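# Reading the structure
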Amino acid sequence: MDLRYTADEQAFRSELASWLANEVPAHGTSPPSNEWDARRIYDTGWQRKLYDAGYAGINWPKQYGGRDATLIEQLIYFEEIAKANAPYIGVNFVGVLHGGPTIMAEGSEAQKERHIQKILSGEQVWCQGFSEPGAGSDLAGLQTRADRDGDHYVVSGHKIWTSFAQVADYCELLVRTDPEAPKHRGISWLVMPMDLKGIEIRPLPTLEGEGEFSEVFLEEVRIPVENRIGEENDGWRVTNVTLRFERGTAFASDMIHLQAFVLDLIRAAQSITSHEGSAWDDRALRREIGHLSGELESLWAMVKLSVCEARESGVPGVGSSAVKLYYTDIYQRITELGVRLLGRAGLSRSDLGQMPSSLILGRHFNAISLAIAAGTSQIQKNIIGERVLGLPKEPRPTPA
Amino acid sequence: MDFQPTEDQKALREGIRSFCEGEIPNERFPELEKSKGFDRALWGELAEMGVFALRLPEEKGGVGLGYSDAVLVFEELGRRLVPGPLVWTHLAAGLIEGADSGATVVGGIDLFQGESTPIVIEYLDHLDVLLVLRADGIERLDPRTLNALESEIPLDPLTPIHHVESLPRGERIADADSARRMRLAGAAIVSGQQLGLAEGALDLANAYAKGREQFGRPIGGFQAVKHILAEMFVRQEAARGGAYNAGATLDTPEVADTQRAVSSAKLTAGDGAIRNARSCIQVHGGMGFTWEVVAHYYLKRAWVLENSFGTRDEHAEEIAQILEGLAANGDE
């Protein structure tokens, strides 16, 4: 058990840190979240800078232009990106973390040629068309139909929770190509250009009133058969290749941000004063923040342990569900503490006086969404119960 | 960085685990209760296994291993609920003659944060030497000179309890810096035991949930039960992260703040031990509330360890103090 970084790892960190120290301030601040065109320019511009400097696709193989960094280097990367307050991956999220890796693993040479390098350099923006109103946790129950018509699929259906649809060039789309087959065996994975006829995008405001989600309505959209990744009706397996990329070091940067947020809370508590002194003088509050911060420290150690295990075994450890659950729990409790600190100042989402309402409420809403996104906490508990602890599965009402 | 236990460490852990499973099966608990949680022969065997001499340098006759190794060893001792003043005797190796070999049984009382009444001492009748850990140094007392009253009903049936009205000052055998280091080491090693308790409680509950049938199938198949077990797994892994981090940070203090690492471990592993023990009882239903099922031993031991080398609240305040400094410096 050695927590010391090697000379190579330290060199990687200091090179990256000094690059970020120059480039992050130079890139300016992120545009308002509802200014989609400006956001695309900002996010893809940053992606381009990462690409030119050799920091894009940190986990991508070298042959596809990636850094092919070790898992420890990836951890360092996410740590430094967070410490430098570098721009969030933003509109590049789906392409770099899902679409690209899937095409690398399952695509043809022509498909790789068409997409891989352009995703990495920020020239292609992707969105995800997986979930449907009737297919959430039970994703394989999706109903969007794709009927073969010569060398095209004719696709009709309704997708939801599609991030960045407004600015995306392509959509990774799951469709049902065989309605007769068992649900996992009738799905195909298509690349849908977003400028095709029959695609309608309706923004779906979140409880924050805005955001990056949309619903996407498809009405007889004609997608070339050559845009299919993998075999027809083999899309569920192809999808699981993608989902595997979603776990692992995914929340490393967010955890570092959360450590910084704890210090923001302490400063906020110090600024709340009454005749008894500041809120930070309250022993119960100090204990609660100290306790949460201690748990966060243990979580970070858990991430390191799980990354080191994954390095040895070659696959993200079974610990990734535990990491997500624990991170979600701590995140919700820390941000709820923030909302309690705000008191009546928290009745306003814009800052009143010195109280950072917008920061704290924004983080709290984000923490609530985390228990739902990328596998709800309940699904994660099923995964741990069944795959890690070996407990019997719930009876499935429909045949798999 | 390679935070995983090395092959040697895994072998060490396995060795201790199979020793504990062989020597201290559940069936032995009634006999250990009668002997008030202590058995000379078992003590000698633990010494033979290197439990006490583990971190003593080889040139002094020890095993010469580090804090992370100690955390792994105590993880296994915790998992099997091994009783006795294990941590104090381990900490006393090199400081008290005969502690490392098991010849001298050393207990202790942690008054690092000052005296508060009642002063409660574990295993007093079995001790040859009592250490008193104070902020200004470590003292040594002859336990037989104390005017102590034994609790008629100790919480943990394997941890006998005495209380004394006041402690005389003993012979000062180490300075304030040694005291501070002993407190950190003690808390880190206890966090290893707490991790072991969290694991033992989960293993027991998991086995029961697979075997116990209601409504025609194993109760572990119901999400209501499965999710309790999943939450126990998360707490176990959090405790592991914390405890291993404490051990590894003490081994290489240049990597991080040792106090922060140890305090984080003690409170996370404390949560894991206490809450997993309670969940273990819940998963067992009515049987979990009986003496016969060993679930209650985990809960009771968890509270003994919670009150060893700083409670969760005390460690949370230590962390708050560190964070206050960081907030002032604009760090993180």
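In case you missed it, the structure is sitting above this.
The notes below deal with the structure included here. Because the structure is a prediction, the values reported are computed rather than measured. (Residues numbered from 1 in each chain as written. Chains lettered and ligands numbered in written order. Predicted model: local features only at pLDDT ≥ 70, side-chain atom pairs only at ≥ 80, totals over all residues.)

This paragraph deals with the overall build of chain A. Check the secondary structure of chain A and you find 11 helices and 10 strands. Counting every position in chain A, which comprises 400 residues, the buried fraction comes to 42%. Restricting the contact set of chain A to residue pairs at least 6 apart, pairs at least 24 apart contribute 69%. (Helix = DSSP H or I, 4+ residues; strand = E, 2+ residues; numbered from the N terminus. Buried ≥ 20, exposed ≤ 12 C-beta atoms within 10 Å, placed from the backbone. Contact = placed C-beta atoms within 7 Å.)

The next subject is helix 2 (residues 36-53) of chain A. Since the α-helix packs 3.6 residues into each turn, any two residues three or four apart lie on the same face. Residue and element names in this part refer to chain A. Taking 1.5 Å as the rise per residue, helix 2 with 18 residues should run 26 Å; its terminal C-alpha atoms sit 26 Å apart, in good agreement. Every buried residue of helix 2 is listed here: R39, R40, D43, T44, W46, Q47 and L50. Angularly, the buried residues of helix 2 cover 150 degrees about the axis, an arc narrow enough to put them on a single face. Facing away from the buried side of helix 2 by over 90 degrees, the exposed positions are D37 and D52. Two residues or fewer past helix 2, G54 is found with a positive phi of approximately 85 degrees. (Expected span 1.5 Å × (residues − 1). Arc of directions from axis to C-beta.)

This part takes up helix 11 (residues 377-388) of chain A. Over its 12 residues, helix 11 of chain A runs 15 Å from end to end, which matches the ideal 16 Å to within 8%, given 1.5 Å per residue. Listing the buried residues of helix 11 of chain A in full gives Q380, K381, N382, I384 and G385 of chain A. Looking at the buried side of helix 11 of chain A, the elements it contacts are helix 9 (319-342) of chain A together with helix 7 (223-251) of chain B. Downstream of helix 11 of chain A by one or two residues, G390 of chain A has phi in the positive range, about 70 degrees.

All names here are of chain B. One can describe the packing of helix 4 (residues 67-79) onto helix 7 by two numbers: an axis separation of 7 Å at closest approach and a directional angle of 150 degrees. When the interaxial angle is binned, helix 4 and helix 7 end up roughly antiparallel. In this structure, helix 4 uses Y67, S68, A70, V71 and E75 to contact helix 7, whose residues at the interface are A243, Y244, A246, G247, A248, L250 and D251. (Axes fitted to C-alpha atoms, helices over the stretch in contact; angles between N-to-C directions. Parallel < 35°, antiparallel > 145°, perpendicular 65-115°, else oblique.)

For the rest of this paragraph, the subject is the sheet that holds strand 6 (residues 161-164) of chain B. Whenever strands of a sheet pair, they do so through backbone hydrogen bonds, lying parallel or antiparallel. Residue and element names in this part refer to chain B. Spatially, 3 strands are ordered 2-6-5 in an open sheet, and the strand pairing comes out antiparallel. What marks the edges here is a single partner per strand, and that holds for strand 2 (119-122) and strand 5 (148-150). Between one strand axis and the next, the sheet turns through 35 degrees on average, direction left out of account. Pairing analysis gives 3 bridges linking strand 5 to strand 6, with the strands arranged antiparallel. If you follow L149 over to strand 6, its bridge partner there is H163. (Pairing = 2+ DSSP bridges.)

A few words now on the interface of chain A and chain B. Tallying the contact residues gives 45 residues for chain A and 52 residues for chain B. Broken down by secondary-structure element, the contributors of at least two residues to the side of chain A that touches chain B are helix 7 (252-271), helix 8 (283-313), helix 9 and helix 11 of chain A. Broken down by element, the residue count for the side of chain A that touches chain B peaks at 18 residues, all from helix 8 of chain A.

All names here are of chain B. Relative to the elements of secondary structure, L167 occurs in the loop between strand 6 and strand 7 (171-174). The sequence separation of L167 and A148 amounts to 19 residues, and the corresponding C-alpha distance is 9.8 Å. If near-sequence neighbours (up to four positions away) are discounted, L167 is found in contact with I119 and V132.

All names here are of chain A. Look at helix 1 (residues 7-26) against helix 3 (residues 71-83): their axes get within 10 Å of each other, and the N-to-C directions meet at 30 degrees. It follows from the interaxial angle that helix 1 and helix 3 lie roughly parallel. Of the two elements, helix 1 crosses helix 3, and the hand of that crossing is right-handed. Of the residues in helix 3, those in contact with E9, F12, R13, L16, A17 and L20 of helix 1 are I72, E73, I76, Y77 and E80. A class-by-class count of the residues in the contact of helix 1 with helix 3 yields 7 nonpolar, no polar and 4 charged. (Left-handed = near helix turned anticlockwise from the far one by under 90°. Nonpolar A, V, L, I, M, F, W, Y, C, P; charged D, E, K, R; others polar.)

A separate point is the nonpolar core. In terms of nonpolar packing, the biggest core is built from 198 residues, with L299 and Y326 of chain A together with V71, A188, A205, L229 and A277 of chain B touching the most fellow members. At 17 residues, helix 6 (residues 176-211) of chain B tops the list of elements feeding residues into this core. If we ignore the near neighbours within four places in the chain, the residues touching L299 of chain A are M255, Y326, Y327 and I330 of chain A together with A238 and G241 of chain B. (Core = buried A, V, L, I, M, F, W, Y, C linked by C-beta atoms within 7 Å.)

Honestly, that's just the spatial picture; any functional story needs more than this.
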